[in-house]
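Residues per chain, in single letters:
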Amino acid sequence: MPANTEIAKPVPSPGEQVTAAYPIVLRFKGMAPDLMHRFVLHDGRSGGDLSHVDLEATWENRVLRGRPDWHAKVKQRIHLVRHANHREEIRAQLAKHRIKAAKEILLEGSSDPWRPSKEGPMREGILTVHKSFFGGVGRLEWEAKKVEAFKQRALEFLKEHFLGDQLLYVVAHEDEEAYHLHFVVAVWHEKHSANRGRQIVLQPSANPLLANYEHAQDLAGMAFTDLGICRGERRAEARREARRKQEVVPPPRRHVTPSAWRSEQIVKGKATANRIIAEASAAAEAVTVGARPDAEKTIRKCRKRAIKDARRRNVAMQKAERVAERQMAELQGALVEKQSEVSAKQAQIDALVEAQEDVNTKALAAIAEKKAEFDSLRTRVREMKQEVVELSSQAEAERTQVTVLCAQVQAEGARVDAVKARYQEALALGLRLFERRQSRWEPLRPDEPRQLVWVQDGRKPTPLPKVVEDNLAPAKSLLELIIELICQILEALFAPRELAVVQEVEIIQQARVELGLEPDMTIEDVLKRRAVEEEPTL
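Residues numbered from 1 in each chain as written. Predicted model: local features only at pLDDT ≥ 70, side-chain atom pairs only at ≥ 80, totals over all residues. Heavy atoms only, no water.

*Asks:* I would appreciate a short explanation of the overall build of the protein chain in the present structure.
*Replies:* Looking only at helices and strands, the protein chain features 14 helices and eleven strands. Residue burial in the protein chain is summarised as follows: out of 538 residues, 26% are buried. A separation of at least 24 residues holds for 66% of the contacts in the protein chain among residues at least 6 apart in sequence. Split by element, the accessible area of the protein chain, about 37,100 Å² in all, is 56% carbon and sulfur. (Helix = DSSP H or I, 4+ residues; strand = E, 2+ residues; numbered from the N terminus. Buried < 20%, exposed > 50% of the residue type's maximum accessible area, 1.4 Å probe, protein only. Contact = heavy atoms within 4.5 Å. Areas by Shrake-Rupley, 256 points an atom, 1.4 Å probe, with all protein chains shown as cover.)

If you want it as structure tokens, here you go:
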């Protein structure tokens, strides 16, 4: 659709209630790959300005598209594309018999697969509308139907205009004043040239929505029209029209970040409050001169109340800071683990790339040695050229095989990590249940061997529930061996004590028989009997 297409606001039919048309908010911002962590910190509420965020409602935020490790995948793809472009440029120079240029490119090394710019080769964006459209400030005042309708339409709009793998990540935030979507876009574009061959680069302008901002606003306005949402003001068009008519050009609208806007509002509020206080003080001084003692008393009460409120807010702020610090520490720990994994994989990839570069260096050396024979041996030149083509084909096949092997190694590593995690979780769960005496090592019936059984609230032992059995299945054999050893150790430790108790019971029984005591007589009965026997007879 052309960028100058007119988008009309919704017009109600006769008898239909007129509803306000809210302008859609669609903004894009440049993102450099080495600064993706800032977006991750903001999304996880572990960094940046959080004064406008309801941290108790953060758990309601939902990821609508993408994986939590999307930024790591982008860095990995950039690394692979960088080296692939480098190899392709060397191959193109060799195909044109530019041996010297190929050597220089090889020595310079690979470069970033994008054109340097101030904004960066990626884009992050936000898609939202004014909070009054949803029903008010915060999720407690929003209308669930409007939120759901906006979410579905926004997701459809993003998927429609960012095809394939361009749309990396979409998250819906519900812990701020207005419902909104954050998203990240990376547009990969393929170029072909005789000097550089096939090059894959990050180029935002390859997507029409990112190439023309006004065009993006037009499409967004049309997509949300039936929801009562329209396109924003056409300020750029108005400035062009003013220049054409040689009128005063309105200044471009300056985007103000939420934190800066809140700071300005606080300054304006304080100025307004100071002005109102000054005017009220003057009026009160003129009208209520005799009421100064009561006013001072009221001021002292208000001051005390304000101090108490400030202390409560300070305590809440400190609590929020502690929560943020704890989340930051957890995130840093996870980041260190991911960095170690990436470093290990990076070392493997670098080793493979270095081996491939050695192959290319050897090939270039062989070609340079044969250069002296080219003038006198034209026939030999054609034969050597054929050999170079065959070597290039073999190298390409080897590179393909190496790429496949890398993918298989990564998949196998992920599978091993998953199995290990399930094994550790099953073992920890089994030991925790045994510690809480919810499971025991005993036979279900007297004639059966010992096994893990389920015991709950003093009831008779029963087989393990299916859910528990499934959770313990990965490590059940080792868990049974560990619990059996624990029981054997405990029985060995308490066996001498039990034998001593049995012997003491036998001695007591023998003494009762020798004293002629009945089996059910207590010490009190024995004392009464002795007292009767010692009484004098008349």
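On we go from here.
*Asks:* Any chance you could explain the pairing of strand β6 (residues 180–185) here in plain terms?
*Replies:* Taken residue by residue, a regular strand's side chains alternate between the two faces of the sheet. Taking burial as the measure, the six residues of β6 include six buried ones, the bulk of the element. Side chains His180, His182 and Val184 of β6 all project onto a buried face; the interleaved residues Leu181, Phe183 and Val185 project onto the opposite face, where all are buried too. Where strand β4 (residues 122–128) and β6 come together, six bridges link them in antiparallel fashion. What sits directly across from Glu124, in β6, is Val184. (Pairing = 2+ DSSP bridges.)

*Asks:* Where do I start with a nonpolar patch on the surface in this structure?
*Replies:* A contiguous nonpolar surface patch, about 730 Å² in accessible area, is contributed by Leu431, Leu481, Leu485, Ile486, Ile489, Leu490, Leu493 and Phe494. With seven residues, helix α13 (residues 476–514) is the single largest residue contributor to the nonpolar patch. A relative accessible area of 46% places Leu481 in the partly exposed class. (Patch = residues over 30% accessible without salt bridge, like charges linked within 9 Å, V, L, I, M, F, W, Y side chains within 5 Å. Salt bridge = Lys/Arg side-chain N within 4 Å of Asp/Glu carboxyl O.)

*Asks:* In this structure, what is going on with α13? I would like to understand it.
*Replies:* Under the 1.5 Å per step criterion, the end-to-end length of α13 is 54 Å for 39 residues, consistent within 8% with the ideal 57 Å. A bend of about 40° at Phe494 is the largest found in α13, and the proline Pro496 appears one to four places after it. Within α13, the full set of buried residues consists of Leu479, Ile483, Cys487 and Arg512. Backbone geometry just after α13 places Gly516 at a positive phi near 75°. (Expected span 1.5 Å × (residues − 1). Bend = angle between axes of the 7 residues up to and from the residue.)

*Asks:* When you look at the sheet that holds strand β3 (residues 62–65) in this model, what are you seeing that I'm missing?
*Replies:* Strand pairing within a sheet occurs via backbone hydrogen bonds; the two strands may be parallel or antiparallel. If you walk across this open sheet you meet the five strands as β2-β4-β6-β5-β3, and the pairing is antiparallel. Of all strands in the sheet, those with a lone pairing partner are β2 (25–31) and β3, marking the two edges. Between one strand axis and the next, the sheet turns through 20° on average, direction left out of account. Bridge analysis of β2 against β4 gives seven bridges, and the strand direction is antiparallel. Residue pairing across strands places Val25 opposite Thr128, the latter belonging to β4. Along the sheet face, helix α2 (residues 70–95) touches β4, β5 (167–173) and β6 and points at about 165° away from the line of β5. (Axes fitted to C-alpha atoms, helices over the stretch in contact; angles between N-to-C directions.)

*Asks:* Whenever I open this one, unusual backbone geometry confuses me. Can you help?
*Replies:* Both trends apply: most residues other than glycine have a negative phi, and most peptide bonds are in trans. Although it is not a glycine, Arg45 adopts a positive phi angle of roughly 55°. Inspection of the secondary structure puts Arg45 in the loop between α1 (36–43) and β3. The class of Arg45 is buried, set by a relative accessible area of 1%. Positive phi, close to 60°, is recorded for His97, a residue that is not glycine. Relative to the helices and strands, His97 is located in the loop between α2 and α3 (99–108). On the basis of relative accessible area, His97 is assigned to the exposed category, the value being 54%.

*Asks:* What's the story with the pairing of strand β8 (residues 197–202) in this structure? I'm lost.
*Replies:* The element β8 is extensively covered by neighbouring structure, given that five of its six residues are classed as buried. Pairing of strand β7 (residues 188–193) with β8, which is carried by six bridges, proceeds in the antiparallel orientation. Paired with Trp188 across the strands is Leu202, a residue of β8. Remark: three residues form the turn of the hairpin made by β7 and β8, two consecutive strands paired antiparallel.

*Asks:* Hey, could you run me through the packing of aromatic side chains in this one?
*Replies:* Each aromatic ring pair is specified by the distance between its two centres and by the angle formed by the two planes. Under the counting rule described, the total for this entry stands at 15 aromatic pairs. Between Phe150 and Phe224 the ring centres are 5.4 Å apart and the planes differ by 35°, which places this aromatic pair in the tilted class. In this pair, Phe150 sits in helix α5 (residues 144–161) while Phe224 sits in the loop between α7 (213–223) and β9 (229–230), placing the two residues 74 residues apart along the sequence. Using a relative accessible area of 0% as the deciding quantity, one classes Phe224 as buried. (Phe/Tyr/Trp six-rings, centres within 6.5 Å; stacked < 30°, edge-to-face > 60°.)

*Asks:* Quick question: what am I supposed to make of the environment of Arg450 here?
*Replies:* Structurally, Arg450 is set in the loop between β10 (439–442) and β11 (451–454). Looking at Arg450, the relative accessible area reads 40%, which means it is partly exposed. Sequence separation of Arg450 and Glu484 is 34 residues, and the distance between their C-alpha atoms is 8.8 Å. Discounting chain neighbours no more than four positions away, the residues touching Arg450 are Trp441, Glu442, Pro443, Cys487 and Glu491.

*Asks:* Help me understand the packing of α5 against α7, please; the structure alone is not making it clear to me.
*Replies:* The relative placement of two packed helices is expressed as an angle between their axes plus a distance between the axes. Contact pair α5 / α7: the axes reach a minimum separation of 11 Å and the direction vectors enclose 140°. Compared by their axis directions, α5 and α7 come out oblique. Pair α5 / α7 crosses with right-handed handedness. In this structure, α5 uses Arg153, Phe157 and His161 to contact α7, whose residues at the interface are Ala216, Leu219, Ala220 and Ala223. For the contact of α5 with α7, the per-class residue count stands at five nonpolar, one polar and one charged. (Parallel < 35°, antiparallel > 145°, perpendicular 65-115°, else oblique. Left-handed = near helix turned anticlockwise from the far one by under 90°. Nonpolar A, V, L, I, M, F, W, Y, C, P; charged D, E, K, R; others polar.)

*Asks:* Sorry, what's going on with the side chain of His86 here?
*Replies:* By secondary structure assignment, the location of His86 is in helix α2. On the basis of relative accessible area, His86 is assigned to the buried category, the value being 6%.

*Asks:* Whenever I open this one, the nonpolar core confuses me. Can you help?
*Replies:* Nonpolar side chains in soluble globular proteins tend to end up buried together. Core analysis: the biggest nonpolar cluster contains 30 residues, and Leu127, Phe150, Phe162 and Phe183 have the highest contact counts within it. At the level of elements, β2, α4 (131–134), α5, β5, β6, α6 (208–211) and α7 are the ones that each hand at least two residues to this core. Considering every element that reaches this core, the biggest residue donor is α5, with six residues. (Core = buried A, V, L, I, M, F, W, Y, C linked by side-chain atoms within 4.5 Å.)

*Asks:* Whenever I open this one, the environment of Ser193 confuses me. Can you help?
*Replies:* Tracing the sequence through the fold places Ser193 in strand β7. Sequence spacing of Ser193 and Glu89 is 104 residues, and the spatial spacing of their C-alpha atoms is 9.5 Å.

*Asks:* So what exactly am I meant to see when it comes to the pattern of salt bridges here?
*Replies:* Where charged atoms from two side chains of opposite charge come close, those side chains can pair. Across all of its chains, the model carries 20 salt bridges by this definition. Notably, a salt bridge pairs Arg196 with Glu89, separated by 3.6 Å at the nearest N-O pair. In this pair, Arg196 sits in the loop between β7 and β8 while Glu89 sits in helix α2, placing the two residues 107 residues apart along the sequence. Accessibility expressed as a relative area gives 36% for Arg196, which makes it partly exposed. Accessibility expressed as a relative area gives 17% for Glu89, which makes it buried. Through salt bridges with shared partners, a single ionic network connects Glu60, Arg62, Arg139 and Glu174.

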